[in-house]
Every structure is written in structure tokens, then in C-alpha cells.
Amino acid sequence: MQKRKKIAFIESWPNLAFSAEREFLKRFLISCSAIDVDCRVVVTSDEINDYNPDVVLCSHEFSRKITGHPTLGVMWSPPEFFENDPYRLKSIMSYDGYLVGSSKVAQFLDDLWFSTGTNKLRSSFRFLPSSPKSSLSVKELRSLFYAGVHWDGARHNGLFSRLSQKKVLDVYGPKESWSDFAEAHRGTIPLDGKSMFNRICESGVALAVHKAAHRRANTPSMRLFEAASVGASIISDNIPFAREVFGDTIHIIDSGDLNGAGDEILHILDGILTNPKIELERAAAAREIFERDWSLDVLIPKVLEFSEDVSEAEGFTRRPVRNLSKRSSGGSKKGSDLVSIIVRTGGRNIDFLKRSLNSLYLQSYRPLEAVVVDYKGRDDVKDLCSLVGGSDDPEFNVTYLTSPNNGFRSTPILKGATAARGGFIGLLDDDDTIHTNCIATLINRAHESKKKFVYGGVVKFHEDGDFVTAPNFNGPLGEIIEERRELHFFDPFNRDRFFNLDNFIQSNTWICDRKTFLNSCQQADPELEVAEDVYFYGCVLQSNEPAFTYRVASQWHWRSGEDVNSMTGVGQDVWGRCANRVKGRWKFFDENFQWDSLPYNAWSGAEEDEDPAIKKSLRIDNPIVPTDSFVSDYSARGFAASPEGDGIWITERNASIRFGCIASREFGVKINFIPFYAPGAERVVLHVSCTGAEDLTFPVMDGNASEIFLEIQGNAHEEMEMQFSFNCMHSPQELGISDDARMLGIFVRSIELVELGLPGSATPRTIPLEEGGGKAVAELSAADVVNYDREFARRYSVETVDGVPESFVWMGMDENFPISVELPEGGPLSVSVRIAFFVDMNVFEAFHVKVDGRLYDRRVTEVVEVGGMKFRDVVFVFDAVGEGEVRIELCSPLTRQPAFRGDPRALSVSISKINLTRDILKFDRELASQ
């Protein structure tokens, strides 16, 4: 019995309650069931691996290939949506092949891959968001159907306004999206893959209109297909696909301006409703075209056939080895074809080695040799090698070697390379794995490019359960997406970046011509505890240009909580010493290269004889300002080697500094910085932690100077560590801003110790209203708001939003911001609060103010809208407020997550300015009149 094919379809936007992708996925499942194909909708890589599909489909360019299964990108969006977005372009290039929606998309892919020296398959057929064949049929033509999430606001509003005025439109979707056309709104339709078709049948006539970008790229939406599937009469805009495929079986609008096409559509609709018999026959002809050529029942078998071609082309399937000996520089014919992978082992549990060797055994490429180098001479390792090497596969061999247990990670590599028999060699640590097609993609690229050194991309797998973030995981549902894998390194070669020790070649992603490798390092062991892989790469690459595969075929297993990772289990002094030795051995490779000014990033550390203990302490009124000795003084990791101007860049996703502190009172740490910000790039989220403080996480909104404040619990900490981590980083070169290839996070300008109030004081300070000109006034800016109340300050920072020249501090859910005011005498008090919120969030109505627990009415004196933000000056007038200290609370119980900005926080309103005014003269006049 033939095995059922299995398709995993990734739901790219799992936290959106309404999305076209979710409805399409339901339809796809229905068609798969009808044609006996097994299919599952998945979100995370663990779900994919548990299902073990034949092919994975990505429904959106935000999703990336992060498993070892053949992965196809569903390319049915207009290229102008993503062609200038570095994050989505990297996602697209990670796929193994492409289901193409139009010739414009195919042209984009041709252009994208042209200069890489390699290519990937794309479908010869067009794959589009179609529908299953349906048993339903339109019986009567009554009105005009349209459905949509309408997420982009005002699109076609002129058209919908005209149609709704004539009361001929039945529109479905989220109520808030269609609030301007309430008279035509008929409710929402369950995203179940079925209900939509029932609603179309009730109306009988369907409208299919597209964004201008879709018309230019000729990538139609679901509207045409769903209407044709039930025999509805169709009115379409002039997207070329409609005319090319359906011809005169549907009605096509001549007008290019859809907002002005209302009368034309009404005229067409009138003809349809007047001649129902003719129109139903026309619709039946369109349905016949759909069922023959475009239903999902027809397209899915084509997808499966194409996926088999991709699997073969990308090395997922075992096939005979080609005779490549003429194009290889290594030894005999057998040695030329043979690839040897060096596996270092000795210090970890045997189960890690079993997993690693299993990933080698499952490789599609043959012949293959595993050279296991055991630096502890363990019997269980030797027995395992005998067992695996004794398999019934004559083209898979295991060679067991021992190596001195001298603490140098370079020694086993060199011993394995010397003993290996293959024309090409590679490296695999015993706790990492490679995907089934890894060696095949590397060896194919080596012969395709005729390069001696070839490397690919790598997935980072957080084995200890840390979940990663992604832009498409944001959304109003707020569910935690338990994704443990991320595309980590997927970078074409950049010589300056590499030789500045910014390594992007993972140890289990490369192969190298064996003779070239041994000759380049002169078969001499550098005796390095760490950085040995980069050292060997550099020896080869100083005279050999490498080739990048543009394939994701390796997995780096990361366990952040264990010392078995060399990244975390080795001291900073060791990293610094090894970096200096690498520098010394490379010194004369290129006399024109400025080796002495190399920034060593995470390797920057103490010299060999230096004490790594705390060297500098932070004192009140004596901030840390980066100087040339910053890295050494504060044991900095992940920073540039030296300052630039008035600050220093963080250049790695995980960075830290260590310092002592001297303070006699409660204190906090204030950091002044400028973030690296690039509109359109993946949203950067910064996480800051410090000894004795609660962690702070917030997204980078712009490139303006910012401050964050962390309150320290307790009065003294002799040793403190501050850590910075980023969900992602970008380089100016990657984004086309400059030639700077470094990955940049934030530009730290100062770190300052701030004492908080008097000893034992835990209450916010009281603001005195100073009398002058007949009025008592006080004003708090956004920065004052943050600094005023410590609890508030710990959670929020001042930011300038989307280019608007105002500073804000956001309020969260059910959080009251308290102000204590000292009044010289009783009387009326005016509180004016300038608040800001995003136009689409509609949270303003919930905002209110209390004085001494009493709720007061308000009035709005000004409304200003700038760049997607609304500013409102709200004035509260309180009568007969008593003298002395008064407590004012700003309250906002309603929040929303502005997913359209990629901001993960639940936000309410933001406070820009607070003015407190007491008109003393007016109050005195009122008293006199009494």
C-alpha cells in the first residue's frame, strides 16, 4: 500500500484573530482530505518535526526554513511588499524552492538569485490562494457579496461608500474594520473553510477587487476562486489574471480607479440581476474553468510532484554519486568522492555522540567517513564507533582515533584532518547535528563554484526551552509561541567582517579541500582552547575565496544554562588570550590590513596575565563614560574594542559589563544610549538586566537618544553585572546605509548611579506649586514623569514615536500613575494632561483622573493628529480642593497591542506632559464675592 504524502503548512500569523491565511489553510485541509493527502497546519518547528512531513509550505515570507525538511516558499504576494525588506528577503532565500504566483514573482526570483552563483527550483505552474471544489451552487442572484479583514484601512473606501449607499452590498469581516459602512455590514464569517461559500451563495454575485500592487504583480486573491467554485456571478477589477483565465465568463471593470468605479459596478450589477438565466450560465462556464485548472484539488498534486523535484535537487534523496574526480584536487578517485567529517568527543554524555553520528549516518550523500577523535580514550565511545561503523552500508565508515587530553580544542581537529581519507573534510561537534542534505548541498556547491572552502547556514536550537521571538508572532491574541529554533547565521561571505573576528561560519556548516586545509595551517597545532575553528578558517581564507551555499542544512544545539557550551563555559580571560594569539599568527597574512585596530567583540578581554576581577566601581555623580580603557576596565563583552565619539557600540546580541558600586542609600542605574534604528528592518527588542534589579524589556522605536532606569534592591552590591540582549541585530551594510559590516545594537553614552530620595523613603516626591503672576503652577515633562515615581520608572522609558517630535511614557493595563501635589491653600485645581495614542487603538475614552480618590469630569481642549498618533490635551477642573498634600491619579484601564507596529507590549495612552495650575487670584475673587 502506497504511503500517504504528508504536507505541513505553516500558519505564519498565529496571534491574529482574523487573517486571510487562516481561512485559506482551512480550505487547503479540506482539499487534502478530499484527494487523500495527509496535511497538518503547524506553527512551530517542534510541531513540524513531530509530524515529519514530506514537504513544508510557508504561507508568508516572515516564516523561515528552520527544520531539516524540504521547505517551499508560497510566493503569491507582490514583490514590492518585500523586495526592500532585509528580514523577509533572508527568509525567502532560506527556502529550498518556490511555488510561484505570477511571472512577475518569477522575474523577481530570477533577479534575486542572479548574482549568487547558484539557484533554486521554482514551480512551472502558478500556485495561488484558490479554493476546493464545492458541492454548493448559487441558485439565485440577489446582491453583491464582499468579504475581507480590511486591515489596511481606507483601501477602496470610495467604492464601498458608493455601493453601500445603494444598499446592494453585503460586506463581511471584523466590525471595527467596516465601521464606516455599518449599513452594509452583515457580520463576521467563521474562518472554517466552509461558511464563506454559504454566504456567497446567499448573495449570488461576488465582487473581486485587489490592491494596486496585486494588480501590478498579477497576483490575485482568494475572491475570484471562491466565487467561481460555487458558480457565483463575478465582477472583477482589471487584474490581468481575471481576463487571461476567465475571459468573458466574468465581468471585468474597465476603470483603473476603483474608488470611482461605483457607478460602473452598479450598472453591471443591474444587468446581472435583470438577466439571471444568462448570468448563471456564464457563471457555470467560469466554474468549469476553475474546477479544471485552478481548484486546490488540482493544484495540490502538482505541489507534491514539484516537492519531489525539489527534494532531489536539494539533496534530500539518496542517489548514486557522480564521478567528480576530475574536478577535485584530493587524492585518488575514491578519495575525491569521499567526504570525511571530524567529530570531536570525550567530555559529554554518550547520548550526544549517538545523536551526532546518527545525523551523519542519515546523510543522503555517499561515500562518507566519520572520523571520531576521542580526547579521553573512552571505551563506550570506541564501542559505539565499532557498532555504527559495522553497519550494512559499505559507503559509510567510522574511523576511531584518540587524541591527547591537553585542553586544546585545536588538537583533535588537526589530528582528524591528518588521518582523514576524504578529498573534502568538515567538522561536527558531538553535541550538534546536521540536516539530511547537509553534505550533499556543500559538495554540490563546491563543484558548482570550484571553490576549496564552502559553508552554509545554520539553525540555532535552544534545547533548554528558551523561546525565540519573531515579527509575525505578534498579535492581539497574545499567545506565547513556543518556538525554540531560529535562523541564526545565513550570511554571504564578507572578508572585512570575518577578519574582524565577527564569525558567521558555524563549525558544523562547512567543508574544505583536505590538502588545502593542511597546507594552509602548515599542519601545525596552534594549541588554542577556543577560537580554533575561526583560526583554521582564516588560515584557508587568507588565500582562498569561499562559496556560500545559500542553504540551511545544519543545527547548532544551544544550552544556555550549561557549561558544556564553550561560549559560556570558558572565562573571558581565555577568550582574550586566544584572540591575541590568533591575531599574532595571522599578523602578516595581509600587510595592508590594519590588524592592530581589530575590534575583538566578545573576545575582547584581559591580557594573559591580568586579573579578571572587578577593576572599576561606579559612584554617585561619577558616571561611566566610555574611554579607550572601557573594555578592560569593566570586563566588557559584546562591545566594540574602543569608543567612537562620545560612546561605544554594542556589537553582539548578548553583551555585558561588570563593575562595583559605592552607594550609602537606595539607588538605581540610569543608562543613556542611542539605538541603531533602521525603518523597515526587523523590529529590535532590547532586554536589560542588572544585579539586584528587575529586568526591563522594550522595543526600539527610533534612533533618538534614550534613557532607561533600573532600581536596585538593597543599599550595596560590591560586584554587579549588567547584561544586554537583543532579539536581533542589523548592520548598516546589510541595510544599505553604509559599508560598516558590524552588527549594531545600542550606542552606550553613559551609565550613571542615582540615589533615590532620603534614607528609608519609599514614597514619590511631592511637587510644590510655585506661586507667581497670580497663579501656582507646576509642569512635568515625559522625562520628569519617568523620574518622578520609581515604580513607574522601572517599567517605562521615554521615547519619541514614529518621527513625532514629542516624548512619551506609556501606561500599561490598570496602572495608575500617582502625583502628590502640595497646595498652599484650598481652592480649585486644574490638571491638564497631554496624552497621545495610536489612531487605530481607540483607547482614549477609558482614560480618567482621580483626585483623592474622587472621579471628575473632563473636557478636551485640543485634538491634533500627526503621523498615526493623536494628541489630546485633556483638562480636569477640580473644585474646592483642600490645602496641603493632594494625591492625583492618572488611570487607563484599557490597553491594546499595536501589532501593526511590531510592538509586543500591551499599551494604553502615553503621557507627554502634565500641567498643574491653580488660579489663586480667581479663587480669591470668588471668595470676596461671597
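Residues numbered from 1 in each chain as written. Predicted model: local features only at pLDDT ≥ 70, side-chain atom pairs only at ≥ 80, totals over all residues. Heavy atoms only, no water.

Below, the discussion takes up the pattern of salt bridges. All told, the structure shown has 42 salt bridges when counted by the stated rule. A salt bridge links Glu 532 to Arg 344, with the shortest nitrogen-to-oxygen separation between them at 3.0 Å. With Glu 532 in helix H20 (residues 532-541) and Arg 344 in strand E12 (residues 339-345), this pair connects stretches of sequence that are 188 residues apart. Overall, Glu 532 belongs to the buried group, its relative accessible area being 2%. The closest approach of N and O atoms between Glu 532 and Arg 409, which form a salt bridge, is 3.4 Å. Separated by 123 residues along the polypeptide, Glu 532 in helix H20 and Arg 409 in the loop between strand E14 (396-402) and helix H16 (410-419) bring together distant segments of the chain. (Salt bridge = Lys/Arg side-chain N within 4 Å of Asp/Glu carboxyl O. Helix = DSSP H or I, 4+ residues; strand = E, 2+ residues; numbered from the N terminus. Buried < 20%, exposed > 50% of the residue type's maximum accessible area, 1.4 Å probe, protein only.)

Read from one edge to the other, the open sheet built from six strands follows the order E2-E1-E3-E4-E5-E6, with strand pairing classed as parallel. Each edge of the sheet is formed by a strand with only one pairing partner; in this case those strands are strand E2 (38-42) and strand E6 (121-126). Averaged over all neighbouring strand pairs, the angle between strand axes comes to 25°, with direction disregarded. (Pairing = 2+ DSSP bridges. Axes fitted to C-alpha atoms, helices over the stretch in contact; angles between N-to-C directions.)

Before going further, it helps to spend a moment on the environment of Ala 524. Mapped onto the fold, Ala 524 is located in the loop between helix H19 (514-520) and H20. For Ala 524, a relative accessible area of 29% corresponds to the partly exposed category. Each C-alpha atom, one on Ala 524 and one on Leu 414, is 7.8 Å from the other, the two residues being 110 residues apart in sequence. Beyond its immediate stretch of four places on either side in the chain, Ala 524 contacts Leu 414 and Arg 585. (Contact = heavy atoms within 4.5 Å.)

Following Arg 366, the chain continues to Pro 367 via a peptide bond in cis, the omega torsion being 0°. Mapped onto the secondary structure, Pro 367 falls in the loop between helix H14 (350-361) and strand E13 (368-374). Phi is positive for Lys 450, close to 60°, though the residue is something other than glycine. Tracing the sequence through the fold places Lys 450 in the loop between helix H17 (438-449) and strand E17 (453-462).

Time to look at the sheet that holds strand E9 (residues 204-208). Pairing between the strands of a sheet comes from backbone hydrogen bonds, and it takes one of two forms, parallel or antiparallel. Here five strands make up an open sheet; going across it, the order is E8-E7-E9-E10-E11 and the pairing parallel. Since the sheet does not close on itself, it has two edges, and those belong to strand E8 (169-172) and strand E11 (251-252), each with one partner. Where strand E7 (residues 143-147) meets E8, four bridges bridge the pair, whose relative direction is parallel. Paired with Tyr 146 across the two strands is Val 171, which belongs to E8.

Let's shift gears to the packing of helix H1 (residues 20-34) against helix H12 (residues 296-313). When two helices pack together, their arrangement is given by the angle between the helix axes and the distance between those axes. Taken N-terminus to C-terminus, the directions of H1 and H12 make an angle of 80°; their axes are 9 Å apart at the nearest point. The pairing of H1 with H12 is recorded here as roughly perpendicular in orientation. Facing H1, whose interface residues are Phe 24, Arg 27, Phe 28, Ser 31, Cys 32 and Ala 34, H12 presents Leu 296, Asp 297 and Ile 300. Considering only residue class, the contact of H1 with H12 consists of six nonpolar, one polar and two charged. (Parallel < 35°, antiparallel > 145°, perpendicular 65-115°, else oblique. Nonpolar A, V, L, I, M, F, W, Y, C, P; charged D, E, K, R; others polar.)

Attention now moves to the side chain of His 462. Take His 462: it is sitting in strand E17. Since its relative accessible area comes to 9%, His 462 is described here as buried. Of note is the side chain of His 462, whose polar atom sits 2.9 Å from the side chain of Glu 486. Look past the residues within four positions of His 462 in its chain and what remains in contact with it is Val 468, Arg 484, Glu 486 and Trp 558. (Polar contact = N/O pair within 3.5 Å; in protein donor to acceptor, adjacent residues only side chain to side chain.)

On to the pairing of E7, then. Among the five residues of E7, five are classified as buried, and the element is accordingly described as predominantly covered. One ladder, built from three bridges, connects E7 with E9; its direction is parallel. When the bridges of E9 are listed, Ser 143 appears paired with Gly 204.

Below, the discussion takes up the packing of helix H11 (residues 276-294) against H12. Where H11 meets H12, the closest approach of the two axes is 6 Å, and the angle between their N-to-C directions is 15°. Classified by the angle their axes make, H11 and H12 are roughly parallel. Along its contact with H11, which presents Glu 291, Arg 292, Asp 293 and Trp 294, the element H12 presents Leu 296, Val 298 and Leu 299. Per-class residue counts for the contact of H11 with H12 are four nonpolar, no polar and three charged.

Turning next to the side chain of Arg 344. Looking at Arg 344, the relative accessible area reads 6%, which means it is buried. A distance of 2.9 Å separates the side chain of Arg 344 from the backbone oxygen of Arg 409, its partner in a polar contact. Polar contacts involving the side chain of Arg 344 include one to the side chain of Asp 429, which spans 2.7 Å. Contacts of Arg 344, omitting those with residues within four sequence positions, involve Val 373, Arg 409, Pro 412, Ile 413, Leu 427, Leu 428, Asp 429, Asp 430 and Glu 532.

Grouped together as the largest cluster of nonpolar side chains are 78 residues, with contacts concentrated most on Ile 7, Phe 28, Leu 57, Phe 127, Leu 207 and Ile 235. A per-element tally of this core places H12 first, with seven residues. Beyond its immediate stretch of four places on either side in the chain, Ile 235 contacts Leu 144, Val 205, Ala 206, Leu 207, Ala 208, His 251, Ile 253, Ile 265, Ile 268, Leu 269 and Ile 272. Formed by 69 residues, the second largest nonpolar core is a distinct cluster that contains Ile 48, Ile 425, Phe 490 and Phe 517. (Core = buried A, V, L, I, M, F, W, Y, C linked by side-chain atoms within 4.5 Å.)

What follows deals with the pairing of strand E4 (residues 71-75). A large share of E4 lies buried, amounting to five of its five residues. Neither face of E4 is left uncovered, since the one carrying Thr 71, Gly 73 and Met 75 and the one carrying Leu 72 and Val 74 both have all their residues buried. By the bridge criterion, four bridges tie E4 to strand E5 (residues 97-100) in an arrangement that is parallel. When the bridges of E5 are listed, Met 75 appears paired with Val 100. With helix H3 (residues 86-94) bridging E4 and its parallel neighbour E5, the resulting β-α-β unit is right-handed. (Right-handed = clockwise from strand over helix to strand, strands pointing away.)

We now examine the packing of aromatic side chains. The final tally for this structure, using the stated rule, is 46 aromatic pairs. The cationic tip of Arg 366 hangs over the ring face of Tyr 361; the distance from NZ or CZ to the ring centre is 5.7 Å. Residue placement shows Arg 485 over the ring face of Phe 461; its charged tip is 3.9 Å from the ring centre. (Phe/Tyr/Trp six-rings, centres within 6.5 Å; stacked < 30°, edge-to-face > 60°. Lys NZ or Arg CZ within 6 Å of the ring centre and 35° of its normal.)

Looking only at helix H15 (residues 379-389), the buried set comprises Val 381, Leu 384, Cys 385 and Val 388. The buried residues of H15 occupy an angular sector of 100° when projected down its axis, which confines them to one face. Residues Asp 379, Asp 383, Ser 386 and Leu 387 are exposed on H15 and point more than 90 degrees away from its buried face. (Arc of directions from axis to C-beta.)

This paragraph deals with the state of the cysteines. Under the counting rule described, the total for this entry stands at zero disulfides. Cys 521 takes part in no disulfide bond, and the closest cysteine sulfur to it belongs to Cys 539, at a distance of 6.2 Å. (Disulfide = S-S within 2.5 Å.)

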